[in-house]
Amino acid sequence: MKTKLSLAVTAALLSAGLLTGCSDDNESTSAATQEEAPKNNAAPILKYIPADSPYFMASRDSFPEQDVFDLYQRTQPIANLESDLDELRASLADVDDEALRSMMTLLIATGEELLDVETLDDVHALGLKISPQIAIYGLGILPVMRIQLHDEDAFRETLQRILTKADITPNEASTNGTNYWVLTPEAPVKAILAIEDQQLVLSMVPQDASDELLTQVLGNTLPESSIGDTGSLAELEQRHGFTPYGAGQLSFARLLNELSNPTHTGTQAMLEATDTEQLDLSSCQADIDRITSRFPGVVMGTRENDLENMEMNLILETDEEIVSDLRALITQVPGLGNTEGMASIGLGLNLPVLVQTVQKYAQQVRENPFSCDELQELNSAWNEANLAINNPIMMMMGPSLSGFNARINSLTMKNGEPFATGILTLASQNPLTLLSTASSFAPELGALGLEPGGEAKQVESTMLPPDTPELYVAMSDTAIALSAGISDSSVLQKELEAHASERDLLLHGHMTGEFYQSMVKVMEQMPANDASEFDIEMLKQYGDVYKNMEYWFRVDDAGIEMSFSLELN
C-alpha cells in the first residue's frame with residue numbers, strides 16, 4: 001500500500017537509522033575514522049551494551065546533521081504526505097481490529113507531526129536528531145534499543161501530542177526513580193518506552209519484570225563490562241574494514257548457550273514469561289559446538305559511507321576450510337563485476353567443483369551424522385542436496401558452463417513493444433563443448449561454424465519473435481558472447497576479453513539511474529499499463545537520485561559476504 005510505504009520511509013529517514021553514530025565530530029571520511037578507531041572506542045551509548053551480549057548493532061561516529069538532512073530531503077518519498085494521510089484516515093472506518101487500528105492512528109498522528117518539517121531546526125523542535133546515535137543489543141536475549149535525542153523535553157512534548165492525537169493513553173510506571181510508559185495491553189511480554197539521559201529507550205520486557213531487570217534495561221545499572229570498555233566494536237570495525245558509522249555482530253555460540261543455559265536475568269525472565277522451557281542441548285552440545293566452530297556468527301557494517309557513496313556489508317562467518325572451499329568455486333567470467341551498461345547480473349561458479357564440494361560435506365555428515373533429535377533434519381538436508389546436485393542437467397552442463405554475465409545496454413520502445421540491446425557472456429572451460437550442448441536446443445548455433453577468435457556470426461532462427469533485435473555470437477578460448485543489437489565483431493571480442501573482477505565474486509549485479517529512467521519511459525508508452533502513477537513517480541525518483549546500485553555475493557577472508565552499495569547523483 002503506497003500510503004504505508006510513504007509514511008514508513010519518511011519516518012525511517014527522519015530518524016536516520018542504524019548507519020549514523022554518536023558524536024558531533026564533523027570528520028566523515030572512512031579512512032580517517034578507521035585510523036582513529038582505537039582512540040574513540042568509548043562512545044557514550046556503548047557503556048550500556050554488555051561485552052558478552054549475544055547480539056548488538058551500534059556506531060561510534062556520526063555525520064554532520066545538516067548533510068544528513070539534505071540527504072533526507074533528496075531521498076524522501078515524492079508522494080504528497082497530506083494526501084497519504086487523508087487516504088489512511090479514510091481507511092480507518094474499515095478497520096475492526098483494535099491493535100491494527102491503534103497502529104494506524106499512531107501512524108497518522110506521527111505523520112501529522114512531520115507535515116511541517118522543512119528544515120533541520122524543525123527536526124530539532126521535535127526533540128529529534130537527524131543523525132543520532134542508535135544502539136540495538138541484547139541483555140541476554142531480551143532486546144533493547146536506544147536512540148539519542150536532540151532535546152528530551154521537546155521530545156516528551158512531541159510524544160505526548162502524538163499519543164493524544166492517536167487517542168492512546170499508555171500506562172505509566174516507575175522504577176528506581178525512572179519513569180516509563182507501558183505501550184501494550186496486559187500480556188506476558190510488554191513493550192515499554194522511557195526517556196532518560198537524552199535518549200529514547202525501547203524494549204520488550206516480561207509483564208512482571210523485577211526492579212533489578214528494569215534498572216538494567218533503563219540503564220540505571222550498567223553491565224560490569226561493556227563493549228565500550230573492551231573496545232570490541234572498534235576491533236570489529238578494523239577486522240572487517242568497516243567504518244565507524246554502524247557495525248554489529250550476532251554470535252551463534254553465545255545465543256545458543258544463553259538459550260540452553262541462561263546466565264542473564266533478561267533471558268531467564270523472558271523464558272519464564274513466555275512459558276518457554278530452556279533448550280535442552282545436553283545431548284546436542286557436541287553438535288552445537290561443531291556447527292558454531294564452523295559458523296561462528298554474522299557480522300555487519302559499512303565499508304564506505306560518505307553520504308554520496310554507501311556500501312552495506314553482511315558476512316556469514318565460516319572457518320578457514322569453508323573459506324578455502326568457497327574460493328575454489330570462483331571462476332573468471334568476462335565482465336563480471338563491471339558496471340558498464342545500464343544494468344547487469346552475473347554469476348561465476350565452477351559447477352564441477354560445486355558438485356565435488358557438496359559431495360565432500362555430504363560424505364562428512366554421512367560418516368559423522370548429527371546425533372541429537374533436534375538436528376536430524378540437517379542430516380537429511382545434506383543427503384537431499386547431494387542427490388539434487390547429481391542430476392543429468394548438472395552433469396551435462398557442469399563441465400562446459402562456469403558462469404555468465406548478462407548486461408543491458410539500452411531499453412526503449414519499438415513498434416509498441418519494449419526493445420533492449422545488450423550482451424550475454426557465457427564463461428566456459430570448453431566453449432566448443434558448450435556450443436555443442438546449446439546446439440541441441442538451438443540447432444542454428446551449431447550451423448554457424450564458430451571458431452575461437454573468429455568473426456561474429458548472425459543467429460537466424462524462425463523461433464525468434466519478429467521484432468527481436470539482430471542476434472550475433474562470437475567465441476574465445478574461454479567464453480561465448482551473444483549480443484542483441486550489436487554486430488561489430490571487435491565489440492564482441494572486446495567483451496570476451498573483458499576484465500573480470502578480482503573481488504572473489506560469486507554473484508554481482510548493478511542498476512543505474514539511467515535504467516530506472518528508461519523503465520519509466522517504457523512503462524508510460526505501454527498500451528496496457530498496469531503500473532500506478534505512484535510506481536512510476538517512485539521510479540522517476542530513483543532515476544534522479546541514484547547514479548548506480550550494486551549488489552554482490554563474494555568470498556571474504558572471514559566467510560560469505562553479502563553487500564549492497566549506492567552511488568548518489
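Residues numbered from 1 in each chain as written. Predicted model: local features only at pLDDT ≥ 70, side-chain atom pairs only at ≥ 80, totals over all residues. Heavy atoms only, no water.

## Here we look at the overall build of the protein
- The secondary structure content of the protein amounts to 22 helices and 19 strands.
- Residues counted as buried form 48% of the 569 residues belonging to the protein.
- Long-range contacts, defined as pairs at least 24 residues apart, comprise 69% of the intrachain contacts of the protein with a sequence gap of at least 6.
- For the protein, the exposed area adds up to about 27,200 Å²; of that, 53% sits on carbon and sulfur atoms. (Helix = DSSP H or I, 4+ residues; strand = E, 2+ residues; numbered from the N terminus. Buried < 20%, exposed > 50% of the residue type's maximum accessible area, 1.4 Å probe, protein only. Contact = heavy atoms within 4.5 Å. Areas by Shrake-Rupley, 256 points an atom, 1.4 Å probe, with all protein chains shown as cover.)

## A few points about the pattern of salt bridges
- A complete count under the given rule lists 24 salt bridges for this structure.
- Between R294 and D319 there is a salt bridge; the shortest N-O distance is 2.6 Å. Placement of the pair is R294 in helix α13 (residues 285-294) and D319 in the loop between β10 (309-317) and α14 (320-329), with a sequence separation of 25 residues. D319 carries the same exposure label as R294, and that label is buried.
- With its nearest N and O atoms 3.6 Å apart, the salt bridge here joins K540 to E537. Taken as a pair, K540 and E537 lie in helix α22 (residues 533-545) at a separation of 3 residues, close to a single helical turn.
- Judged by relative accessible area, which is 30%, K540 ranks as partly exposed. (Salt bridge = Lys/Arg side-chain N within 4 Å of Asp/Glu carboxyl O.)

## Description of helix α21 (residues 513-525)
- In a regular helix each residue adds 1.5 Å, so 13 residues correspond to 18 Å; α21 covers 19 Å between its end C-alpha atoms and thus fits that length.
- Of all the positions in α21, only G513, F515, Y516, S518, V520, V522 and M523 are classed as buried.
- Tucked into the core, α21 has its buried residues touching β11 (343-348), β12 (403-414), β13 (417-427), β17 (505-512), α22 and β18 (546-556). (Expected span 1.5 Å × (residues − 1).)

## Thoughts on the packing of helix α5 (residues 98-114) against helix α7 (residues 152-165)
- Viewed as axis vectors pointing N to C, α5 and α7 meet at an angle of 135°, and their least axial separation amounts to 8 Å. Relative to α7, the element α5 is oriented oblique. Handedness of the crossing formed by α5 with α7: right-handed. Contact with α5, carried on its side by L106, A109, T110, E112 and E113, involves T158, R161, I162, L163 and K165 of α7 and no other residues of that element. (Axes fitted to C-alpha atoms, helices over the stretch in contact; angles between N-to-C directions. Parallel < 35°, antiparallel > 145°, perpendicular 65-115°, else oblique. Left-handed = near helix turned anticlockwise from the far one by under 90°.)

## Description of the side chain of E317
- Relative to the assigned elements, E317 resides in strand β10.
- Buried and unpaired, E317 has R239 as its nearest opposite-charge partner, separated by 4.2 Å.
- Residues contacting E317, with those up to four places away along its chain left out, are R239, H240, R294, F295, P296, G297, V298, V299, A558 and G559. (Lys, Arg positive; Asp, Glu negative; His and termini not counted.)

## A short note on a negative patch on the surface
- On the surface, D275, E277, D280, D373 and E374 cluster together into a negatively charged patch.
- Within the secondary structure layout, D373 lies in the loop between α15 (351-367) and α16 (376-389). (Patch = residues over 30% accessible without salt bridge, like charges linked within 9 Å, V, L, I, M, F, W, Y side chains within 5 Å. Charge placed at Lys NZ, Arg CZ, Asp CG, Glu CD.)

## Concerning the packing of aromatic side chains
- Within the structure shown, the criterion is met by 5 aromatic pairs.
- Relative to Y542, the ring of Y516 lies with its centre 5.3 Å away and its plane at 65°, an arrangement referred to as edge-to-face. Here Y516 is found in helix α21, whereas its partner Y542 is found in helix α22, with 26 residues between them in sequence.
- Owing to a relative accessible area of 9%, Y516 belongs among the buried residues under this scheme.
- Aromatic rings pair up to connect F515, Y516, Y542 and Y546 into one cluster.
- It is R290 that lies over the ring of F370; its NZ or CZ is 4.2 Å from the centre.
- Positioned above the aromatic ring of F419 is the side chain of K414, whose terminal nitrogen or guanidinium carbon lies 4.6 Å from the ring centre. (Phe/Tyr/Trp six-rings, centres within 6.5 Å; stacked < 30°, edge-to-face > 60°. Lys NZ or Arg CZ within 6 Å of the ring centre and 35° of its normal.)

## Some remarks on the environment of S232
- Following the sequence through the fold, S232 ends up in helix α10 (residues 232-240).
- Within the structure, S232 has its side chain in polar contact with the side chain of T230 (distance 3.2 Å). (Polar contact = N/O pair within 3.5 Å; in protein donor to acceptor, adjacent residues only side chain to side chain.)

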